[in-house]
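One letter stands for each residue in the lines below.
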Amino acid sequence: MQDQAPGKQAIETFRATYFEECAELLDALYQHISTLEQGQGDPETVHAIFRCVHSIKGGGGAFGFDRLVAFAHVFEALLDKLRDGKILPEREMLQLMLRASDMLADLVAGARLAEGPAAGAEDSLRALLAGMMGDSKPETSLVPDAEAASAPVSTARRWRIRFVPHAAVYASANEPLLIFRELARLGNLIVHTDLSRLPDLAVFEPTEAYLFWTLDLETAEPRERIEEAFEFVADDSDILIESVNHEEPGSAAAPMPAAATPASEARADPGPGVAEPGRETRSIRVDVEKVDRLVNLVGELVITQAMLVQFGGSLPPETCPGLTGGLETLSQHLRELQEGVMAIRAQPVRSVFSRMPRLVREVSAQLGKTVRLAVTGEGTEIDKTVIEQLADPLTHLLRNALDHGIEPPHEREARNKPKQGAIHLSAEHRSGRIVIEVSDDGRGIDRPKVLAKARQNGLVPVEAILSSDEIDDLIFRPGLTTADEVSAISGRGVGMDVVRRNIQSLGGRIAVSSSPGVGCRFTLSLPLTLAILDGMSVAVGQETYIIPLTNIMESLRPVPRDLHPVVGRGHVLSIRGEYVPLLFLHEVFGVSGAETDACCGIVVVVESDRTGRFGIVVDEMLGQQQVVVKSLEANYGSVDGIGGATILGNGRVALILDVARLQGVANGAAARSAVPFAPAPGRQILPAAPIH
Amino acid sequence: MSTPQTSVRSSTAIAPPGGEVAGTGPIQQFITFTLGTEEYGVDIMMVREIKGWTATTALPKAPPHVRGVINLRGVIVPIHDLRARFDMGTTTPTPTHVVIIVQTGARTSGLLVDAVSDIISIEPEAVRPVPEMGTPADEQYLDGLVALGERMVTLVSLERLFSLEAGIGLTDAATH
Amino acid sequence: MRKRVLIVDDSKTMRDMVAFTLRNAGFDVIEAEDGQKALGTLRTTSADLTITDLNMPNLDGIGLIRSLRADPRHRGMPILMLTTESDPAKKADGRSAGATGWIVKPFSPDKLIEVARKVCP
């Protein structure tokens, strides 16, 4: 049996767990405060808030995060007082609690990164919290339970101890025998049991205490060590510890002081706690890595199944009659398995959205503006891998709205707008994707300024005429900032282009829609999951591409009379009276050896959440399959018009089309496409060589 | 996937007497390969594996030296035609050509070369700086020259070779 | 024979640390997130010692101690409560509910083992 306590190093392994837990606790904390702010809380909410702070403090103490603990201590004390009260905290108290929570979060972050808020930053808030408690309780020091400092005594002393336990000692499952054993470890112990109070068996009460002891102990240990052995029973016993051979001033017959127990007011038994509002879900914690492994495994299963289908397809049908049916069943099960596994990893966007209110609070205060943030759709679920990447772009968009969008109060008044600016952050599922919107009722994009800046930077030729939407889209180009001063809030130029690239690397898109003087709306569109996709594989020349099934409306082989050339715009196809523009994939991607006559190929009519309908011309459709989406970005980069790659059953790589971008690519809208290896000015480029 | 038979010999380069000292430090090992008659070397620590040429899937609008991507045990890896990258023409790959899979930082890529020749050990003192050439681009990813008997090996810095590309506008998701 | 300890605390960090410390000291450790779940666990698995936090949802420490003491099977089980300096009233409640002893947070691993062994050797 190992007899050592784990060292400091071992405890460090729990740091990660602690900080994860703090993150959850802080989230819950803010949520509860928000519930109270909306007038929907109850006493249990206050209790829950108390518990959050209590837990953060508890763990913090174990790791020695003194600053955090000291602050949490005062916050907790205030909450303790609040939860006893009959009245739920109101506006000002809630504001104070918010500020305290913000500071607490900062201190947690500081503990985690070993670099916290400036020294003393929390002092005034702390004093405020302490002051709110009315009677100034002196802050009890939080020195961890140290071993009783023992003055070194070289010589052994003899002690006589009289121990008379009351019934309560036994009722609390304390064992005199264990106490004696502990004393025996300190030195020589002789135990005399006094049976004089033992009654007749007839009147014997098993729960009563009839025995008492006199103990002779010879030990070099100080008195405190002896008292310690009786620590838990001291209040329910009569104990006398006398030193026998030395004359300690005032020590003879000094009774053991009863621990100070404040008169326990008749307190209502809190009883079994009411379930925390809104979150009574049975759940287990799982390591993210385990889930990731599962997701990858399912991905591999999908690929293997595709291979099996291929091999099976090459066999003569009679060879293995049950095979096709079996593979189909397998495919169905795999689909369900995949959905289930992805659902595990999906989380509500709440975890990202929850940081935003605080951001808005702080930045708007810094800027001297009042802004209200409305958040909807926080329950919308999205794959964990995508969520984590959302924080930065969203933060930037909000900062931008606060800094450049929302006008200062006097300007708003002059425009007959309410003094308080409004920002709306929302998330919802829309046609197989997640759509997140950040909209504000500020001044909108200053188009003349943006255009001028773009012309100045050489991004747009002077004589070019751009539509309003095209001008708005310019803000996503690098180096474009029209901020007159470099604001510390949103910085210079490190802006929308980075946000757009971040979003694109997730397989998403961002667009802006602005109305001058009225407001501005950013729309982010992200795939629900990065991992698995239902696709239709198509052949173009020697290449295979995958078109996501969610984008496909229909497919057909056109007849010549429905095909109409349009000057300057290629061809359109007439479908049931509607004209659908055609896009020849071999042209867009430069693939040789492909079918150039649409009537000899197939037109796949597609639509995306951003573009209208158009038809992609391919050689043939190869079949529908589930594909595992593999990243191109990891080792290469993003390619406009391509939304990832996959590995086919035959081991070859196939590219997955990004339908929404494809039309833009086809139009050669160079202003919008981020072409990799676009040469910087001054650099020579190699003459274009054929792809193969 | 056939692995080409290469006999890999080990050679050590010793500082030439009176030669310029490029740097001091521990001996480094390089894998050398050929492009036509030229011989190049890359840091062996970055080489993950060597495989034969397999057909790539073309990437639209990629620069000429990026031949496309392959599936390397489930990971998508781009293959760079080094001959093209060094402005020396284009390679027409055959099954005897070789792809060196390298890892720079978090990024895995493949280098298409004619053949792999050697593993060499170099003392830093033996490395001579690259003499002035025309285009600034050349110097930036070459680490130096080393003489091995009759042979001249040009050392290539893979980090700079790829980071240059990143600077040109490649979206580097790995650094997000 | 190894003694089994039931640690009841809604903080996973705390449960992890206590479990780790006590396992290294030769105890078996089982866990529960709150009083309610602790009672459930004890219906099927026995424990030689219960260590419980006082502030938990669903059934807090005091409630748990009372429930245990009211149950003949657990009447004699040593129960330690995890207390904080700032709440002497809660500690008093725990003691009158029948807690055997207490450990003050924050505590060192050594202290935890010492107290655990004190009431459950």
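Residues numbered from 1 in each chain as written. Chains lettered and ligands numbered in written order. Predicted model: local features only at pLDDT ≥ 70, side-chain atom pairs only at ≥ 80, totals over all residues.

J.: Teacher, can you tell me more about the overall build of chain C here?
T.: A tally of regular secondary structure across chain C gives five helices and five strands. Counting from the amino terminus, helix and strand elements in chain C follow one another as β-α-β-α-β-α-β-α-β-α. Every one of the 121 residues in chain C was classed for burial, and the buried ones make up 58%. Within chain C, contacts between residues separated by at least 24 positions form 59% of all contacts whose residues are at least 6 apart in sequence. (Helix = DSSP H or I, 4+ residues; strand = E, 2+ residues; numbered from the N terminus. Buried ≥ 20, exposed ≤ 12 C-beta atoms within 10 Å, placed from the backbone. Contact = placed C-beta atoms within 7 Å.)

J.: Looking at this structure, I do not really get the overall build of chain A. What am I missing?
T.: Per the secondary structure count, chain A includes 21 helices and 23 strands. In chain A, buried positions account for 36% of the 692 residues. By sequence separation, contacts in chain A at least 24 residues apart represent 69% of the contacts at least 6 residues apart.

J.: What is the right way to look at the packing of helix α1 (residues 12-24) of chain C against helix α5 (residues 109-119) of chain C in this model?
T.: To characterise two packed helices, one gives the angle between the axes of the helices and the distance between these axes. Residues and elements named next belong to chain C. Running from amino to carboxyl end, α1 crosses α5 at an angle of 65°, the nearest separation of the two axes being 10 Å. Where α1 crosses over α5, the handedness of that crossing is right-handed. Packed against α1, whose contacting residues are Val18, Thr21 and Leu22, the element α5 presents Pro109, Leu112, Ile113 and Ala116 at the interface. The residue makeup of the contact of α1 with α5, split by class, is six nonpolar, one polar and no charged. (Axes fitted to C-alpha atoms, helices over the stretch in contact; angles between N-to-C directions. Left-handed = near helix turned anticlockwise from the far one by under 90°. Nonpolar A, V, L, I, M, F, W, Y, C, P; charged D, E, K, R; others polar.)

J.: Just to check I follow, could you spell out the nonpolar core for this structure?
T.: Where a protein is soluble and globular, its nonpolar side chains tend to be buried together. Formed by 87 residues in total, the largest nonpolar core has its most connected members in A:Tyr545, A:Ile547, A:Leu583, A:Leu585, A:Val617, B:Val69 and B:Ile100. Built from parts of two domains, this core gets at least three residues from each of domain 3 (289-347) and domain 5 (532-666) of chain A. Those residues in contact with A:Val617 that sit more than four places away from it in its chain are A:Leu582, A:Leu583, A:Phe584, A:Leu585, A:Ala598, A:Gly601 and A:Val603. Grouped together as the second largest cluster of nonpolar side chains are 77 residues, A:Val53, A:Ala100, A:Ala105 and C:Phe107 included. (Core = buried A, V, L, I, M, F, W, Y, C linked by C-beta atoms within 7 Å. Domains from an automatic or database assignment.)

J.: Can you walk me through α1(C) in this structure?
T.: Helical geometry note: an α-helix holds 3.6 residues per turn, so side chains three or four residues apart project in the same direction. All names here are of chain C. Given a rise of 1.5 Å per residue, 13 residues ought to cover 18 Å, and the 18 Å separating the end C-alpha atoms of α1 matches this to within 8%. Residues of α1 that are buried include every one of Thr13, Met14, Arg15, Asp16, Met17, Val18, Thr21 and Leu22, and no others. The positive-phi residue at the C-terminal boundary of α1 is glycine 26, with phi of around 100°. (Expected span 1.5 Å × (residues − 1).)

J.: Just checking my understanding: could you explain the sheet that holds strand β6 (residues 75-81) of chain B for this structure?
T.: The strands that make up a sheet are held in pairs by hydrogen bonds between backbone atoms, and each pair lies either parallel or antiparallel. Residue and element names in this part refer to chain B. The five strands lie next to each other as β4-β7-β8-β6-β5, forming an open sheet whose pairing is mixed. Looking at which strands have only one partner, the edges of the open sheet turn out to be β4 (47-52) and β5 (66-72). Neighbour-to-neighbour, the strand axes of the sheet open up by a mean angle of 30°, direction not taken into account. Here β6 pairs with strand β8 (residues 107-113) via three bridges, running parallel. Along β8, the bridge assignment pairs aspartate 81 with leucine 112. (Pairing = 2+ DSSP bridges.)

J.: What is the right way to look at the pairing of strand β3 (residues 212-219) of chain A in this model?
T.: Side-chain positions along a regular strand alternate between the two faces of the sheet. All names here are of chain A. One ladder, built from seven bridges, connects strand β1 (residues 157-165) with β3; its direction is antiparallel. By the bridge assignment for β3, arginine 157 is matched with threonine 219. As judged from the eight bridges shared by strand β2 (residues 187-194) and β3, these two strands associate in the antiparallel manner. Each residue of the ladder has a partner; that of leucine 189, found in β3, is leucine 217.

J.: Is there a simple way to explain unusual backbone geometry in this structure?
T.: Both trends apply: most residues other than glycine have a negative phi, and most peptide bonds are in trans. Non-glycine residue B:Lys61 carries a positive phi angle of around 60°. Inspection of the secondary structure puts B:Lys61 in the loop between β4 and β5. Residue B:Lys61 is classed as buried on the basis of its 21 C-beta neighbours within 10 Å. Not every positive phi belongs to a glycine, and C:Asn58 is a case in point at roughly 70°. Tracing the backbone shows C:Asn58 in the loop between β3 (49-53) and α3 (61-70).

J.: What exactly am I supposed to notice about the sheet that holds β3(C) here?
T.: Residue and element names in this part refer to chain C. Pairing is parallel in the open sheet, where five strands are placed in the order β2-β1-β3-β4-β5. Since the sheet does not close on itself, it has two edges, and those belong to β2 (28-32) and β5 (101-105), each with one partner. Here the average twist between neighbouring strands, direction ignored, is 25°. Here strand β1 (residues 4-8) pairs with β2 via five bridges, running parallel. Its bridge partner lying in β2, leucine 6 is registered against isoleucine 30. Packing of α3 onto the sheet brings it into contact with β1, β3 and β4 (79-84), and relative to β3 it is tilted by some 155°.

J.: It is not clear to me how the pairing of β3(C) should be interpreted in this structure. Could you clarify?
T.: All names here are of chain C. Burial of β3 is extensive: five of the five residues sit out of reach of the surface. On β3, burial covers both faces: Leu49, Ile51 and Asp53 on one face and Thr50 and Thr52 on the other are all buried. Bridging between β3 and β4 involves four bridges; their strand directions are parallel. When the bridges of β4 are listed, threonine 52 appears paired with methionine 81. Read from β3 through α3 to β4, the crossover connection turns out right-handed. (Right-handed = clockwise from strand over helix to strand, strands pointing away.)

J.: What should I look at first to understand the packing of helix α5 (residues 91-113) of chain A against helix α6 (residues 123-132) of chain A in this one?
T.: All names here are of chain A. Following both chains from N to C, one finds α5 and α6 inclined at 140°, their axes separated by 11 Å at the closest point. It follows that α5 is oblique to α6 by the angle criterion. α6 is crossed by α5, and the crossing has left-handed handedness. Counting all contacts with α5, which are made through Leu96, Arg99, Ala100 and Met103, the residues of α6 involved are Leu125, Leu128, Leu129 and Met132. Looking at the contact of α5 with α6 residue by residue, the class counts come to seven nonpolar, no polar and one charged. (Parallel < 35°, antiparallel > 145°, perpendicular 65-115°, else oblique.)

J.: Looking at this model, I keep getting lost on the confidence of the model for chain C. Mind explaining?
T.: Any residue range with low pLDDT should be treated as having predicted coordinates unsuitable for detailed reading. Chain-level pLDDT for chain C is 88 on average; 98% of the residues reach the 70-or-more range. The ipTM for the predicted assembly is 0.86, set against a pTM of 0.44. (pLDDT = per-residue confidence, 0-100.)

J.: Help me understand the confidence of the model for chain A in this model?
T.: Residue and element names in this part refer to chain A. Put simply, chain A has an average pLDDT of 77, and 82% of its residues get 70 or more. The low-confidence segment residues 484-493 (pLDDT under 50) makes 18 contacts with residues lying over four places distant or belonging to another chain. In the model, residues 669-692 has pLDDT below 50 throughout and makes 34 contacts with residues more than four positions away in sequence or in other chains.

J.: Got a minute to help me understand the environment of B:Asp118 in this structure?
T.: With respect to the helices and strands, the residue B:Asp118 is situated in strand β9 (residues 115-122). Sequence-wise, B:Asp118 and B:Thr32 are 86 residues apart; in three dimensions their C-alpha atoms are separated by 5.1 Å.

J.: Teacher, can you tell me more about the environment of A:Asp84 here?
T.: Its location among the elements puts A:Asp84 in helix α4 (residues 66-84). Here the alpha-carbon distance between A:Asp84 and A:Pro43, two residues 41 residues apart in the chain, equals 8.8 Å.

J.: What exactly am I supposed to notice about the environment of B:Thr104 here?
T.: All names here are of chain B. Its location among the elements puts threonine 104 in strand β7 (residues 98-104). In this structure the C-alpha to C-alpha distance between threonine 104 and leucine 158, which are 54 residues apart in sequence, comes to 6.9 Å. Here threonine 104 is in contact with Met46, Leu158, Glu159 and Phe162, once residues within four sequence places are set aside.

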